[in-house]
Each structure stands twice: as C-alpha cells, then as structure tokens.
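# Coordinate analysis (summary)
These are the residues of each chain, in order.
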Amino acid sequence: MAGTVGLFALFVVACQVLLIDASFQPALVLDMAKILLENYCFPENLVGMREAIQQAISSGEILLISDRKTLAAVLSAGVQGALNDPRLTVSYEPNYTPITPPALQSLPTEQLIRLIRNTVKLELMDNDVGYLRIDRIIGQETAAKLGRLLHDNIWKKVAHTSAMIFDLRFSTAGEISGVPYIISYFSDSEPLLHIDTIYERPTNTTKELWTMPNLLGERYGKLKELIVLISKRTTGAAEAVAYILKHLKRAIIVGERSAGGSVKVDKLRVGNSGFYITVPVAKSVNPITGQSWEVTGVSPSVNINPKEGISKAKSLITIRKSILKAVQRVSDIIQRFYAFKDKIPALLNHLSKTDFSTVISEEDLASKLNYELQSIFEDPRLNIKTLQGSSDKGQEPPTTPSSVGNLNDASFKLEIISGNIGYLRFDRFPTATVLIELEDQMKEKIWQPVRDTENLIIDLRYNTGGSTEALPILLSYMFDVSSKTHLFSIYDSIQNVTVDFHTLRNISGPSYGSRKGVYILTSYNTAEAGEEFAYLMQSLHRGTVVGEITSGMLLHSRTFPVEETSLGITVPVVNFIDIHGECWLGGGVVPDAIVLAEDAVERGQEIIAFHKDIPALVREAGELLEKHYTGAEIAAKASKLLQSKLTEGLYRSVVDYESLASQLTADLQEISGDHRLHIFNCEIEPESLHSVPKIPSPEEAGFIIDAMFKVEVLPGNIGYLRSDMMEDIKVLRAIGPQLVRVVWNKLVNTEMLIIDLRYNTGGYSTAIPLLCTYFFDAQPLKHLYTIFDPPKRNATKVMTLPEVLGQRYGSQKDIYILTSHITGSAAEAFTRTMKDLKRATVIGEPTVGGALSSGTYQIGNSILYVSIPNQAVLSAVTGKAWSVSGVEPHIAAQSSEALSVAQKIISAKDQKKKSGK
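Here the structure is a predicted model, which is why all the values come from computation and not from measurement.

### With respect to the sheet that holds strand β14 (residues 383–386)
- Reading across the sheet, the three strands line up as β14-β23-β22 and stay open at both edges, with antiparallel pairing between neighbours. Only two strands of the sheet have a single partner each, and these edge strands are β14 and β22 (557–561). The sheet shows a mean angle of 25 degrees between the axes of neighbouring strands, direction not considered.
- Here five bridges tie β22 to strand β23 (residues 567–572), and the two strands are oriented antiparallel to one another.

### Focus: the pattern of salt bridges
- Tallied over the entire structure, the rule returns 21 salt bridges.
- For K222, the salt bridge identified is with D188, shortest N-O distance 4.0 Å. Residue K222 is located in the loop between β8 (205–210) and β9 (225–230), and its partner D188 is located in the loop between α8 (179–185) and β7 (194–200); the two are separated by 34 residues in the primary sequence.
- With a closest N to O distance of 2.7 Å, R758 and D756 form a salt bridge. Note on accessibility: R758 and D756 belong to one class, buried.
- Connected through shared salt-bridge partners, D85, R87 and E294 make up one network.

### Thoughts on helix α21 (residues 698–708)
- Of the residues making up α21, those classed as buried are A701, G702, I704, I705 and M708. Taken end-on, α21 shows its buried residues confined to a sector of 165 degrees, consistent with a single buried face. For α21, exposure combined with an orientation more than 90 degrees from the buried face picks out E699, F703, D706 and A707.
- On its buried side, α21 packs onto β28 (709–714), β29 (718–723), α22 (729–734) and α23 (736–747).

### Thoughts on the sheet that holds strand β35 (residues 854–858)
- Reading across from one edge, β27-β36-β35 is the order of the three strands in this open sheet, with antiparallel pairing throughout. Each of the sheet's edge strands pairs with one partner strand only, and the pair in question is β27 (678–681) and β35. Neighbour-to-neighbour, the strand axes of this sheet turn through a mean angle of 25 degrees, independent of strand direction.
- Across five bridges, β35 lies against strand β36 (residues 864–869) in antiparallel orientation. Each residue of the ladder has a partner; that of T856, found in β36, is S867.
- Across the face of the sheet, helix α18 (residues 614–628) comes into contact with β27, β35 and β36 while running at roughly 20 degrees to β36.
- Along the sheet face, helix α20 (residues 657–672) touches β27 and β36 and points at about 175 degrees away from the line of β27.

Calculation rules
Residues numbered from 1 in each chain as written. Predicted model: local features only at pLDDT ≥ 70, side-chain atom pairs only at ≥ 80, totals over all residues. Heavy atoms only, no water. Pairing = 2+ DSSP bridges. Helix = DSSP H or I, 4+ residues; strand = E, 2+ residues; numbered from the N terminus. Axes fitted to C-alpha atoms, helices over the stretch in contact; angles between N-to-C directions. Salt bridge = Lys/Arg side-chain N within 4 Å of Asp/Glu carboxyl O. Buried < 20%, exposed > 50% of the residue type's maximum accessible area, 1.4 Å probe, protein only. Arc of directions from axis to C-beta. Contact = heavy atoms within 4.5 Å.

In structure tokens form, the structure reads like this:
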C-alpha cells in the first residue's frame, strides 16, 4: 500500500510544473492500474493500488498534463520508482503496430534447420575439449521436432569430450521451455532436479521446471568439466541456463555480468489511447537461491573481458582437471607421512567428500584444502601453499657443523651475577657429537662453576635453534643423576617409530640437580631447538620461563611438492610428545612471566627473590587450614598435597602473589571439593580481620534502612520485602525501633509475605536467629540449626528468641523466598533454615553455596590471606552438616522471573481457595 501511494505522490510532484489540459482524463491512470493488476508478475506489490488511485483522483492530486510524451515519461518514472522495477515503462505511440513473430515450431523444417545452423557453432579443441556456442535457446517443442538432427549433427560430436566450453556470450533470444532440455544433458538421469519455477500473472499459474528423465543420446553428466561463457549481451533463457548451472555447482561461469533480462515482457495498450505500458508478465524463482537472474543478471565466477573468455576457459579446464589428481596426491602424502596417524582416516574421509566445484585456481585449491583440513583437526603445521617464489619454513632445520674447536664457537657463555646466580647464555644448540667433543670444556667452564650457585638463569633470547639431539644431554644436567627421569618422546612417522628420551646417568660434569631454581629467558627470536628446551623445562615443571612468546618455528615438518601443480604440502613428520602425552603443535612457548626481552633478566631476578618465600607461604597456608578448617581429615590431606606439589616443582610457574594465590586456591578446592576455600592477595589488610560492626547514629539509621530494605504491599494484601544485605544483630537492635516503624509495621498485617533475597550476597550471620524469630510463635522456642566449632570441639544450638521488638508475623501465614545464583553467605543460611523447617517456599535459582561463617587469616607476614570455613552448621531436622552446595529452590525459575512466578502461585492458591477445592 505504501509503495502504490508513493507512486502517485511521485506523479503529483512531476506534474506540478506542467500545463493542464482537461482533454486527458484520470481514467488513463485507472486503465494503466488495471493492466498492472491483471498482468504484472509481482501482484503482491500492488495491494491497495486501485484504492490509492481513486483517492488521489478524488482529492485532485492527479493533475492533467498537456504533452502526451511528457505524461508517458512522468508515468514511467512514477511506476518504476514506486515498484523498483526498471522494466515497467509507459510510452505514447499512436501509430504502433504490434508484430507477433511466428512460433519456431510452426516454421517449416528446412527453415528451422537454417536457423539452427546460424545460431549454433561447435568445435573440437585440443586436449579433448569440446566447444559449443548457442546464440538462441530453442524451445522444447522445437527441440523435439529436430531431435534426431540436433543429436546427429551437433550433440553427438561433442558429447564424448572430457570437458566443454559452453558459449552463451552472444545468446540474446530463446525460450524458457528449452532450459530443462539443456540442463538435463549436463545432469544425471536420477534423481530428477527441480531447477526453476515460473509464475505467469495473466493466467495466474505456476509451473515448476525439472530435469528430464529421458533424452535422445547420451548425457554429458555432472562429472566432466563445464565452463559457461557469458557477457553483458547474454539475456533471457540463456541467463536462466547459466544461473541454474552455477547454483547447481555444475559449471564455472566466466565473463561479465549478463544483461538481466526477463522470462516474458509484454507491451500492452492502455485502454483506447495511444499509450502503451511494457510489463513483465512472468517471473522466475530459483528453488536453490529463492532469487532470480532477472533484472540483476548472472554474476560470473570469474570476472574477465568476454573477448578473453575462451582462453581463460581453457586454462580453467586445465586447472580443474588437475584438481582431483592434486587432492588424491595430497591425500597420499598425508596417508604416508602425517605424524598423527589416528587423525588420518577422518582427514581423508573428509577430503573425499569435499566439494571442489567452486575452485578456479591453484591458490583457491590451497585455501580450500587448508580450510577443510583445519576444520577436522586444528594443526597449524599441516599447510598447503604455492611454492613459487616462497621460502619454505617447513623444511628440516639447518644442520649444525659437526665439529667445533672451543666453547665460544658453540655460543656458550657463563658468568656468576649478584645473589650467587649463575647466568648461562646459549645462542645455538650443537649436535650431540659436538657436545661430546666439548664434554671436558663444559665440565670445567660451565657445570663446575655453576654447581654451587643458588639459582641458574639460562638465556635463550638469542637462540635460533640447532640440534634437538642436544636436548637429552643438556636436560640431564637439570635433574638428579640418581633418578631416571622421562624427558619427552618423539614419534617419527617416516620410520614409524616412537623413541622415549630419559635423563642420562653418565654425564661427565656435576648435575645442577632438581631442587634449585632454573629460569629460562626467551624472546621472539628464540626458535626451534631453543623453543623445545624452554617448552620441556616448563612442561617438566623444572624451570620458570620469563620473556617474550617464542617464534613458533618448531614444526618438525617436511614439504612435499604436489605433482603436476605448483603447490606444496607441509606435513608434520615428527610429533614431539611431552611427559603428559601432549603433542606440541609448534606454536610459540608462552612464558610464565611475559615481559619484553630486554627486561627479562631483571624480571627473572625479581621472581627468584619471590620464589624464596614460596616454601614458607605454602607451609603456613597448610598449617592455617589444619588449625581452622571444619573438616580436619580433609585439611590434613590438603596440607600434605600442597607440600607434595611444592616438592614436585608445580609452583615454579607462579611468578607473583596473584598467580600463587590462584594456584593455591585451585589446589585446595581440587582436593577438598569445597569452593569456599579461597586464597587471595590484598595490599591492604582486609576489614574482615577486624570485623567489629559500627553502631550507627540515629541520623545514620535512616540511610542504613533505605540501603538494606525495599518495602511494598502488592495487590491482594501481599507483603513484599527486599533485603540486599545482612547486617549484624547489634546494628539491627540499635536501629530496631525505627526499623519496626518504617519497615515492619507496613508488612506485619499482610496476608502473606514475599522475601526477595535475589540481590543479597550475604553479610553477618549473627542476626539470623532474630530474623527467623518473627516467623515463628513465641512458644515453644524453635531449634533453627546447630553450630559446631572444630577448634573448640563444642556444639551450640541456635534457637529462636523468646522476645522481639514489635509484632510477630507468626507461623501460619505463607512465606515465599526469592533467590538467585548470587544469593550467598548469611542470606543463604537464612533461606536454608527457613526451607529446612518448612516455613517458606523457595522460588528462583540455586544459591551460591557459601558458609555460615568463614574466617580470614593472614599467611605469615605476606599480602596473602586465606578464607577458611571455620564452622560446620548442622541441620536442626537431620542433624547432618549443611552441604557446600547451594540451596535448591522448591520451584526453579530464572531469577528475573521469580517474583512473577511467586505471584502466579499465590493467585492460583487464592483461586483454588475461593472455589472451595
């Protein structure tokens, strides 16, 4: 409706500068609208047109224009702009005589044959490539009439070729009915394919076009290469052919965007005037895309000057013919050499099912293969690329000279720096043979001088790699010679063998041992074997890595050329496996402490100083746990675990208080299963260490009440109390009179009460008995829960209070408590108590699972603190300890919907009560 009104508004704007002539009647516009309504192939766009026109005429908006050709131009602009269809044109042609060409099938056979010969050309090109040019798509009836002739003189000559260039660059005429005939020859007989849908407005009929089950002669099928050439002259039925073949992924379209014609356009006279309107009376809708080639044309897969179309098509056929062979060669190389043998079947199966129909170049093929391979298994080392003009980093690393004369040539440098720290710089790893030759020199100049240092810095910032063979020898010096430590394994896919590497017991010099700290410095230049050393020291928990992420150049790969292409596939032929069974995929080593390479030495020394404090901190954390934690057996086990992890070097990766706190927290929670155990670092002493509540002044009481509570009486005399924090009992008693007057007196006489704790993260637990007391009768006192204090070995029963300020709510009226995933601590304890005693219905989300009481203790004199649940709470009903998991609601609901759920439940109960059920 909006489009049609806009159309006539455009008429008005265009007419206002023209002369008025009463001889033209608004009926002309009505006649034009009638033609559109009955013939335009998008009738849905014309809804409300007649009413809009009549309204415009009645209001005088349509002005009369004296010049008929000008009026035609104005009408064209209006209808095209409103319906966004450039095919709609209005013209004034008083002498126009429609010419209807005879149907092709009605022509004599001889004339049809001459037409076919003039519009069809074929050629057999080199390399078994067929060339077929069709300048006019004949209809199905004509094709059937000339079937044998077409087959024997045209199709039979090109059907046997291994690839075809189908030239539609000069096809400017044709019939849509011939499209299924052509598409069928380039498809298989089964299954039949729905290729187009044609809607004709004048008859209001829809016809689906399908491939044909039976054809004269053999089909070309769907496997042989097909290139379709188009140009801006290609229009009509030829566009339909190109569009369908493209979206069936049956052909590659080469050239420029086609004309954007139409299935059928009629030129219709407007009433008895000399005006005509050109209207698209039929439309095509492709079942694959839901769109059409009409107006916008067919976009090519390869955009190129149409004059170069044939030569480009030939080169594409050459590339396309090589694709299957290239994919097979890639599959063979992966099958033979890829180090992840268990991944090979999935990779090859995926490649065998991959559609390469859109690949038009070797670069495309490389991108497609890489994408498909990585979608199955993300291994950045497995890579395909063009080799022309590229320097391949996937090859084996350059070899190190087989012999050196002295230690300096091998790039070993040593000094002892302040703090009795050994500083050893390696710039390249020699082969095992060279290391053996240098054995005496290394013993004298490296291992003996560093044996008495307290810590060792190994500087690999300038290390560009070298030989992996050196690793077992050098790593052996980092462990005790008395033990045989598994260092790593290497799987060689070419040899199909796995070799395990252990520390060597026959090293000549003194070992550095496994206890003292080792710090490896890295940079973006650290590569290959240097990366391996850093990675292994990190994964073995033997060293702390400081500096920049390494280069990521360790690939253990080889590049194989893909025959008959310029492609190469880089395949990991070796898997580097750490002691955890993890394969390193060659990415850079991420340091434990990331700093600029130039700052690595200084940062390393800071970490060395920090690490000296870790044993004492770990020991003291364990002692605090054993002293205060509610579960003595679990505390002893957790304390022992921390010491074990310390001995095993598992805290070498921590580089500051924050990372130590995080690691200790993870370890404690892992062994205890208690998420409440928490270690944190804090520069300022936590307030919880001295949590003596401050008694507010009368002026402050009002602010506290406003901050803590929100009160409302909902329809039906339902009380609503929102509490966002739990205050200490001394504070509540201090503000008691004002609290009762401002908050409680508004709620105490309601029929039922909703207590909203969805935003309450907790606070003091001391007030829980007071709060609960309001919801029970004065006598007898109610047992709420029991607090067990492990250090004191005593149990205290917590009861309701005999007296409270103000009126009680009593034990009979319904209570609903709303919870969320952040409801915790004392708010959670209140909820659990009310649920245990069946005094409230809980609605919402499970709560946090916090403790009724946790103590915060400083670890030594450090900035680390540990939060320890120091009291066990026993249920008054079961006598068992409350679990560390949260309170499960009676009725689960999203926290945002909990209030409305509660109201619906209350309403349902009220309706049931009124009905007497």
